[in-house]
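# Close look at the chain arrangement
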Amino acid sequence: MKFQRTRSLAAFLFTAVLLLHMFPVMAAAEEPTVADPQITSASISPSTVQKGNSFEANLRFHHNDSAIDNAKSVVVKVTSPNGAIRVKKNEFTVTDFSSTEEEDDTGLGGMYYSLYIPENYLTYSGPGPGVLQFTITYYTSSDAAKGTEIETKNRISIRKTLIPGEGSADNTVRVDESSSTPTIISGTSATVAIPLISGSTLEDAQIEVAAPSDTKIMLTSAGSVYTMSFVSGEKKYLNLPLRVDSSVAAGIYPITLTINGNKVTAQLQVLDSAQGKGGVRIDSYKLDRSTIYSGSTFRMDLVLKNTGGQTYHNINAALDGLATESFTVVGSLDRKTVASLAPGATATISFHMQAASKMESGNYAIGVNLTSDEVTEAVATKVFVSVVGTGDSSGGKPIIIIENYSFGGTSVTGGKTFPLSLRFRNANTGTAIQNLKITITSTADEDTGGVFTPANSSNTFFISKLGAGASIDKSIELYPKADAKPKSYGIDVKFEYESAADTKHEQITATETISIPLTQPDRFEVTNAEVQGPIQMGTEGQLSISYVNKGKSTVYNLSVLLEGNFTAPETNIYIGNVESGSSDSYDTTLTPTEEGTLQGKATITYEDPNGETREIIKEFSCEVQPAMPVDQDGMGPDVSEPMPEQSSGVAAWVWVLLLAVAAGGAAAVVLIRRRRAAKRRALLEQEDDYDDVQPKTPELPDEPHQNEDQP
């Protein structure tokens, strides 16, 4: 008993020691929260940086937190969150933590260190504010590669604007057009997320929300004003609690956001219950300019998406509700067709529209009816276009508009200069414009500071006077970046002018934004199409078609049509979209229908980024040999069949030899099977007398023995 008590006491003490050791470990597992550092000073050289020029930067950091007291080195990763600064080297190591006398006198304590970025590593590409983001990691050794990272619960990251932005686009918040349109099902309540991007850093921006007054789309929150803060170039979501009445028809409805006095239109897609279950629907739409004036032309892009689980064919989108007193289609039919859409795939169709000259300001609906081979009853959707009426006044401030514009086609190509032609009109028929200055700049977005630059010309026009109701044409050569992503990019057209009837010469300013689709050269290639042969009649051959997309744009709706003297499991194959840089192959089996030569043709079709159908034809062939004759038992070639005619006696002897070998092999198989059967019969006979005679394997001297050591 004493031994058992001693053993129990030892076990208790051992357990207690383990528990005491566990608590510090468990506490250490919780990563500490480290306060962010501060940038106490920042300077650039030269002090004024023009677009396209390089510069150097000197920054001073201060960090006062005991968790990083034992840090011996710092790794700083540098990025530009809004793309306005091109960073050639993005990682720097700092090991000097010395402070100056002035810094020591502050009594703040902590560590000070500097970061110097040479001129050849930073280039201002503009036109937005030049913002750098610094992500900082501390290590316990002066050699970061050998040291241990000091864990932090929060990510230490700070931003600094080194170059102030210019232009109205830098100080506005816009809806991110690259994101999908938020959706809600009619007759339900849900929280929808509106994606927003700010051109500059904004603290406590006031956002007032206004749903369409003529519909039953309502906010369920107590108030309609929200407060948000933005960092330049960073996407954030405005979460709106909404309720949609069951009487609201399917469509895309505008929601007006007034952000610090500036109005922005967001889109909300309302689905009926059938659309909510999947199918082809309008995922989003956009207009090629920020403001649609009465009497002006514009382009409307509709993005169709297959949200169902099957492929839809011959999808037809027809516009409804067009009239001469509202909207009409210019230069094309009022309907467009998409050949097919695989599950999850999207396709963009465009309509060139014109707003009637007498339209008043307001939101106007355009109906879109969708049908396909699989859906005969049209799915109706509405999109809304906001129009600003210019009126026919004889006084007041004049309004200048972009009546129309063109850029030589349906899209431009990265790295190739193109002409942009614009027609400007004074929409006021009673008042002239004087001292008109027009400035054209590339709009900054979340990916880049702008992709268009003037080619051998100025980006500014000056017109001394533009009469009441008069128009004027101007053109400019623009160069798009060669490495720009394929999508639509904006161009800001800023107007500064005076009213000829205004004796005070009050300056009037306005900005319109137009969009231009950019594509990259089509470099889709079919690298191989061949059949492995020869093939014998009655057997299958393997066809392989290899392809690669070397371009920077996605190719859409890839399909393959097979034709020739063969049969295949499927001759008309839909593959789908091929992303940039992707490669793959299509493989199938072919069964020849006749001897001689299998002749085939593969027609590969796809849609390039401009929506144009491209076609590549690849021919293939291989030899088809006669079927190998077999005997009645199916054991091998039938030697009784006449020999194929040969071109020489030597070839005939080869056939005889091959057939003899095959026949000998078949005979050997039959002999071995017979001997094994005899062996099994002998074993069964001995099992009948098992109690009297120990069974043993009968010797078969004609069958070779296997060595026991062999597997």
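As the structure is a computational prediction, the values presented were derived from the model and not from experiment. (Residues numbered from 1 in each chain as written. Predicted model: local features only at pLDDT ≥ 70, side-chain atom pairs only at ≥ 80, totals over all residues. Heavy atoms only, no water.)

### Overview of the overall build of the protein chain
In terms of regular secondary structure, the protein chain is built from 4 helices and 45 strands. Every one of the 711 residues in the protein chain was classed for burial, and the buried ones make up 38%. Look at the contacts in the protein chain between residues 6 or more apart in sequence, and 70% of them connect residues 24 or more apart. When the accessible surface of the protein chain is split by element, carbon and sulfur atoms take 49% of a total near 38300 Å². (Helix = DSSP H or I, 4+ residues; strand = E, 2+ residues; numbered from the N terminus. Buried < 20%, exposed > 50% of the residue type's maximum accessible area, 1.4 Å probe, protein only. Contact = heavy atoms within 4.5 Å. Areas by Shrake-Rupley, 256 points an atom, 1.4 Å probe, with all protein chains shown as cover.)

### Observations regarding the sheet that holds strand 34 (residues 471–480)
The sheet built from 4 strands is open, its strands ordered 28-30-34-32 with antiparallel pairing. Where the open sheet ends on each side, the last strands, each with one partner, are strand 28 (400–406) and strand 32 (452–454). Between one strand axis and the next, the sheet turns through 40 degrees on average, direction left out of account. In terms of strand pairing, strand 28 meets strand 30 (residues 418–426) through 6 bridges, oriented antiparallel. Residue Asn 404 lies in a different strand from strand 30, and its bridge partner there is Arg 423. (Pairing = 2+ DSSP bridges. Axes fitted to C-alpha atoms, helices over the stretch in contact; angles between N-to-C directions.)

### Regarding the nonpolar core
Nonpolar side chains in soluble globular proteins tend to end up buried together. Residues Leu 196, Leu 238, Leu 257 and Met 300 are the most contacted members of the largest nonpolar core, which totals 61 residues. Discounting residues that sit within four places of it in the chain, Leu 238 has contacts with Val 192, Ala 193, Ile 194, Leu 196, Ile 207, Val 209, Tyr 226, Met 228 and Leu 257. Membership of the second largest hydrophobic core comes to 32 residues, among which are Ile 39, Ile 68, Val 78 and Leu 162. (Core = buried A, V, L, I, M, F, W, Y, C linked by side-chain atoms within 4.5 Å.)

### Focus: a negative patch on the surface
Together, Glu 101, Glu 102, Asp 104 and Asp 105 make up a region of like negative charge exposed at the surface. Topologically, Asp 104 is positioned in helix 2 (residues 101–105). By relative accessible area, which is 48% here, Asp 104 ends up partly exposed. (Patch = residues over 30% accessible without salt bridge, like charges linked within 9 Å, V, L, I, M, F, W, Y side chains within 5 Å. Salt bridge = Lys/Arg side-chain N within 4 Å of Asp/Glu carboxyl O. Lys, Arg positive; Asp, Glu negative; His and termini not counted. Charge placed at Lys NZ, Arg CZ, Asp CG, Glu CD.)

### Quick look at the packing of aromatic side chains
Applying the stated criterion to the full structure yields 15 aromatic pairs. The interplanar angle of 85 degrees and the centroid separation of 6.3 Å between the aromatic rings of Tyr 113 and Tyr 138 together place this pair among those described as edge-to-face. Note that Tyr 113 is positioned in strand 6 (residues 111–117) and Tyr 138 in strand 8 (residues 130–139), a separation of 25 residues in sequence. Residue Tyr 113 is classed as buried on the basis of its relative accessible area, which comes to 0%. Among the aromatic residues, those joined into a ring-pair cluster are Phe 61, Phe 97, Tyr 113, Phe 134 and Tyr 138. (Phe/Tyr/Trp six-rings, centres within 6.5 Å; stacked < 30°, edge-to-face > 60°.)

### Quick look at the pattern of salt bridges
Inspection of every chain in the model, using the stated rule, returns 8 salt bridges. Note that Arg 614 and Asp 608 form a salt bridge whose closest N and O atoms lie 3.0 Å from each other. For Asp 608, a relative accessible area of 2% corresponds to the buried category.

### Things to note about the sheet that holds strand 19 (residues 280–287)
Pairing is antiparallel in the open sheet, where 4 strands are placed in the order 19-21-25-23. The open sheet has two edge strands, strand 19 and strand 23 (327–329), and neither has a second partner. Across the sheet, the axes of successive neighbouring strands diverge by a mean angle of 40 degrees, strand direction being ignored.

### Quick notes on the side chain of Thr 439
Following the sequence through the fold, Thr 439 ends up in strand 31 (residues 433–442). Among the residues examined, Thr 439 registers a relative accessible area of 16% and is labelled buried. If we skip the residues at most four places from it in the chain, Thr 439 touches Asn 459, Thr 460, Asp 492, Val 493, Lys 494 and Glu 496.

### A few points about the pairing of strand 43 (residues 583–592)
Sheet topology places strand 39 (residues 541–549) next to strand 43; 8 bridges connect them, and they run antiparallel. Counterpart to Ser 546 in the pairing with strand 43 is Ser 585. The pairing of strand 41 (residues 566–567) with strand 43 spans 2 bridges and is antiparallel. Its bridge partner being in strand 43, Phe 566 is matched across the sheet by Pro 592.

### Topic: the confidence of the model for the protein chain
Averaged over the protein chain, the pLDDT score is 78; the fraction of residues at 70 or greater is 78%. Taken as a whole, residues 1–6 scores under 50 in pLDDT and shows 0 contacts with residues more than four places along the chain or in a different chain. For residues 16–30, every residue scores under 50 in pLDDT, and the model assigns this stretch 1 contact once sequence neighbours within four places are set aside. (pLDDT = per-residue confidence, 0-100.)

### Digging into the environment of Ser 54
Secondary-structure assignment places Ser 54 in the loop between strand 1 (38–45) and strand 2 (56–63). Note on Ser 54: relative accessible area 28%, which makes it partly exposed. On a C-alpha basis, the gap between Ser 54 and Tyr 121 in space is 7.7 Å, while along the polypeptide they are 67 residues apart. Excluding its chain neighbours within four sequence positions, the residues that come into contact with Ser 54 are Pro 46, Glu 119, Leu 122 and Thr 123. In this structure the side chain of Ser 54 is engaged in a polar contact, spanning 3.2 Å, whose partner is the side chain of Thr 123. (Polar contact = N/O pair within 3.5 Å; in protein donor to acceptor, adjacent residues only side chain to side chain.)

### Some thoughts on unusual backbone geometry
Here Ser 45 and Pro 46 are connected by a cis peptide whose omega angle stands at 0 degrees. As for its position among the elements, Pro 46 is in the loop between strand 1 and strand 2. A cis amide bond links Gly 533 with the next residue in sequence, Pro 534, at an omega value of 5 degrees. Examined against the element boundaries, Pro 534 turns out to sit in the loop between strand 37 (524–531) and strand 38 (535–536). For Asn 435, which is not glycine, the phi dihedral falls at a positive 50 degrees. With respect to the element layout, Asn 435 can be found in strand 31. Residue classification places Asn 435 among the partly exposed residues on the basis of a relative accessible area of 34%. Of note, Asn 557 is a non-glycine position whose phi angle comes to about 55 degrees, a positive value.

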